[in-house]
Amino acid sequence: MIEKIKNKIVAIDEVLNNMPQNNARNKSKYITEVDKVKKLCIKEQDKVLIEIKKRYDSICDTVEYKEDELQNKAIDNIEQQLYFISELNSPVDKIGMTEILYRLNHFYKNNLNEINKDIIMAIDKFKEVGIVLDSDDFNYSVYGLEYMQNFFDTPLEETTTRKSLKSCFEKIYWQCPNLIKYIDINFRMLYRKNEKKFDMYANDQIKKAFIEQDTNREGILEKLYQLKLQKDELKNQNKYLVIKDFLDGNKKIDDYTEEKIKQLYGNLISKKTDDIKVYQTYNPELIKLSCSLKEYQQYSRFSYIIDAVKTIYKEKDKYKDITKNSLKEINKLESKTMKLNKKIIKLKKKDKAKFKLENLLLITNTNLLTLNKLYEELDKNKSCENIYNMIKPNDSLLDIFKFVFAHYDYLVEVIKDHLEENNENDILTEINGLKDFIYSPYNYYVGNMMFLDEFNIPMVISDHYKLLNINIAEENITSIDVDSIHDSIDKIILFEKLSRMNLSTTDIKFICEVNKKIKLEEYI
Amino acid sequence: MIDVNLEKLTNEDLLEIYFEIENYIKKLDNDLENASKDGVKK
């Protein structure tokens, strides 16, 4: 048929070529004729194009995939709720105060806007609990008090931009470079003073969450798993995304011939067959294998967290009630310092006894530095004490990950010890990665293996799948081979998906070629 | 010019026809350009 059309074109062309062009009249006749043929060709090409477009549209008959924002929001909400209702952390962690204060004390050393934003957030957290703070609450240090007086005098919407606040900060900073650290520990003192109110607030919110979700902690977690599974299922079954991968060149259709897929099965399945349908009966187990491998990869990524907890746990008895002494010392020194602060404020108002004033400032500065150290020590000890109090020998690997995730400051310290560079973004990536891992509905063994046991996880996976006639050696799991196994399984699954979606390799080849060579939207 | 039922063609053939015509249109364009440029052929 193609030959017929080609021959027709040759014939038409011959007629045109034989036309005389020896004078102006003939030439004009020739041009008119060529133009006529051209118009005819365009018309014929349009007919072909309409048929191409019809076929293209029928293959790509699907609506564009868009993430379900409501579903994403629901997932975020439940994840936040799970953090709040966790039995592992205290109200200060639950409401996100630990995170704010940690940032205040450790990050943004050169960014006053971010510092002020965090101060506003911390004040708002107190407000959320029902405690309205004012400048008088920040009398922990005279410098902090001066800054916070300025801060409260500045309209809220201007706190991050107003110049006077910036110049006030700069003035105080040179007298007291630890200003922000002192504001941070001031907040901590205010929290300890109001701990009962925070407890009550947290308990109320937890009760509300259970009523709102109409279930308990396990039920809420199950809801999250279901939402995540639904989301993945929708994505996995989406024809648009499958087609898009080919159109964008992320996948090559030549990798999806039956022969090639059979070869991949042959590498993975020990019982060889020539019947692809028989091979496809292994698909559910191959999907589980893929999940197990991903779980192992995630576990390996975060195993340093387990190691950190294990190290403390081994000598946990050392940490029994360890914070008691630090707290006693803090309370004593705090009350002493506050009394001195009152004296300093009085002397400052009178503007006399300069020598005495300077002497008192020196003492309070030393006290504040000691208090800062004591608070740092308290944080460290609190983490160790929590490990003593909360971790049980039969806790699973997942329990340990959840425990560390529930304690922001400890988590960040562990991450910082692990990462070579302490870049805030890297830390955040690590935290988000851990969150995805602990709330993954595909985890199987991290929730069943006890953290103190020395398991050879690759061996457990390999042995399990060998029993199901799936060839996977221990060394494949621990090496870069794992990526090629994921790739093989992905191809096997997609091959099955293509036939379920009635997408043949010729169809995909056709739309890829059309997409590459014809800009359909320009024509029709 | 094309007296065939396009619906009966394979995807491959359909694309081949499309590009065959496309190339011929380009040739015609070229011929037209030359004819307008050139003088009268003896």
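From a predicted model like this one, the values you see are computed outputs, not experimental measurements. (Residues numbered from 1 in each chain as written. Chains lettered and ligands numbered in written order. Predicted model: local features only at pLDDT ≥ 70, side-chain atom pairs only at ≥ 80, totals over all residues. Heavy atoms only, no water.)

1. Comments concerning the overall build of chain B
Point 1. Looking only at helices and strands, chain B features one helix and zero strands.
Point 2. Here chain B holds 42 residues, and 40% of them are scored as buried.
Point 3. Working note: accessible area of chain B is about 2,600 Å², and carbon and sulfur atoms make up 44% of it. (Helix = DSSP H or I, 4+ residues; strand = E, 2+ residues; numbered from the N terminus. Buried < 20%, exposed > 50% of the residue type's maximum accessible area, 1.4 Å probe, protein only. Areas by Shrake-Rupley, 256 points an atom, 1.4 Å probe, with all protein chains shown as cover.)

2. Quick notes on the overall build of chain A
Point 1. A tally of helices and strands in chain A yields 25 helices and zero strands.
Point 2. In terms of C-alpha radius of gyration, chain A reaches 35 Å, well past the compact-globule figure of 24 Å for 524 residues.
Point 3. In chain A, buried positions account for 46% of the 524 residues.
Point 4. Partitioning the contacts of chain A with sequence separation of at least 6, the portion at a separation of at least 24 is 75%. (Rg over C-alpha atoms; globule rule 2.2 N^0.38 Å. Contact = heavy atoms within 4.5 Å.)

3. Considering the interface of chain A and chain B
Point 1. With 42 residues of chain A in contact, the opposing surface of chain B contributes 34 residues.
Point 2. Summing both partners gives a buried area of about 3,700 Å² for chain A against chain B, and 69% of it is carried by carbon and sulfur.
Point 3. Linking chain A with chain B are four salt bridges.
Point 4. D29 of chain B serves as the salt-bridge partner of K38 of chain A, at 2.7 Å between the closest nitrogen and oxygen. (Buried area = accessible area lost by both parts, 1.4 Å probe. Salt bridge = Lys/Arg side-chain N within 4 Å of Asp/Glu carboxyl O.)

4. Let's talk about the environment of Q81 of chain A
Residue and element names in this part refer to chain A.
Point 1. The residue Q81 is located in helix α3 (residues 69-85) in this model.
Point 2. What makes Q81 buried here is its relative accessible area of 13%.
Point 3. Taking the C-alpha atoms as reference points, Q81 and S499, 418 residues apart in sequence, are found 41 Å from one another.
Point 4. Residues within four places of Q81 in sequence aside, it is in contact with A209, E212, Q213 and I220.
Point 5. Within the local environment of Q81, its side chain forms a polar contact with the side chain of Q213, the two groups lying 2.8 Å apart. (Polar contact = N/O pair within 3.5 Å; in protein donor to acceptor, adjacent residues only side chain to side chain.)

5. Some thoughts on helix α23 (residues 481-500) of chain A
Three or four residues apart is the spacing at which side chains of an α-helix point the same way, because the helix has 3.6 residues per turn.
Point 1. For α23 of chain A, with 20 residues, the first-to-last C-alpha span of 29 Å sits near the 28 Å given by 1.5 Å per residue.
Point 2. Positive phi appears at N502 of chain A, one or two residues downstream of α23 of chain A, with a value of about 55°. (Expected span 1.5 Å × (residues − 1).)

6. Topic: the environment of S292 of chain A
All names here are of chain A.
Point 1. Relative to the assigned elements, S292 resides in helix α15 (residues 283-314).
Point 2. As for S292 and L498, which are separated by 206 residues in sequence, their C-alpha atoms are 24 Å apart.
Point 3. Excluding residues within four positions of it along the chain, S292 makes contact with Y445, I461 and Y465.

7. As for the nonpolar core
Residue and element names in this part refer to chain A.
Point 1. In this structure, I119, Y147, F187, L286 and F401 are the most contacted members of the largest nonpolar core, which totals 172 residues.
Point 2. In terms of residue count, the dominant contributor to this core is α15 (12 residues).
Point 3. For L286, the contacting residues outside a window of four places in its chain are Y265, L268, I269, I470, I489 and I492. (Core = buried A, V, L, I, M, F, W, Y, C linked by side-chain atoms within 4.5 Å.)

8. What about the packing of helix α7 (residues 142-153) of chain A against helix α16 (residues 322-350) of chain A?
All names here are of chain A.
Point 1. The interhelical angle for the contact between α7 and α16, taken along N-to-C directions, is 65°, at an axis separation of 10 Å. Side by side, α7 and α16 meet where V142, L145 and E146 of the first sit next to N341, I344, I345 and K348 of the second.
Point 2. When grouped by side-chain class, the residues that make up the contact of α7 with α16 number four nonpolar, one polar and two charged. (Axes fitted to C-alpha atoms, helices over the stretch in contact; angles between N-to-C directions. Nonpolar A, V, L, I, M, F, W, Y, C, P; charged D, E, K, R; others polar.)

9. Focus: unusual backbone geometry
Residue and element names in this part refer to chain A.
Point 1. Unlike most non-glycine residues, N469 shows phi in positive territory, near 65°.
Point 2. With respect to the secondary-structure elements, N469 resides in the loop between α21 (457-466) and α22 (474-478).
Point 3. One non-glycine residue, N502, lies in positive phi territory at about 55°.
Point 4. Structurally, N502 is set in the loop between α23 and α24 (505-517).

10. Focus: the pattern of salt bridges
Point 1. Summed over all chains, the structure comprises 41 salt bridges over all chains.
Point 2. The residue E128 of chain A makes a salt bridge to K125 of chain A at a minimum N-O spacing of 3.9 Å. Highlighted residues: E128 of chain A and K125 of chain A, both in helix α6 (residues 112-129), separated by three residues, approximately one helical turn.
Point 3. Its relative accessible area of 40% is what places E128 of chain A among the partly exposed residues.
Point 4. K125 of chain A sits in the buried class, given a relative accessible area of 19%.
Point 5. Residues joined in a network through salt bridges with shared partners are E51, K54 and R55 of chain A together with E7 of chain B.

11. A look at the confidence of the model for chain A
Point 1. When the pLDDT values of chain A are averaged, the result is 91; 97% of them are 70 or greater.
Point 2. Of all secondary-structure elements in chain A, the lowest mean pLDDT belongs to helix α25 (residues 520-523) of chain A, at 62, while helix α18 (residues 397-406) of chain A reaches the highest, 97. (pLDDT = per-residue confidence, 0-100.)

12. With respect to the state of the cysteines
Point 1. Scanning all chains against the criterion turns up zero disulfides over all chains.
Point 2. With no disulfide partner, C176 of chain A has as its closest neighbouring cysteine sulfur the one in C168 of chain A, 12 Å distant. (Disulfide = S-S within 2.5 Å.)

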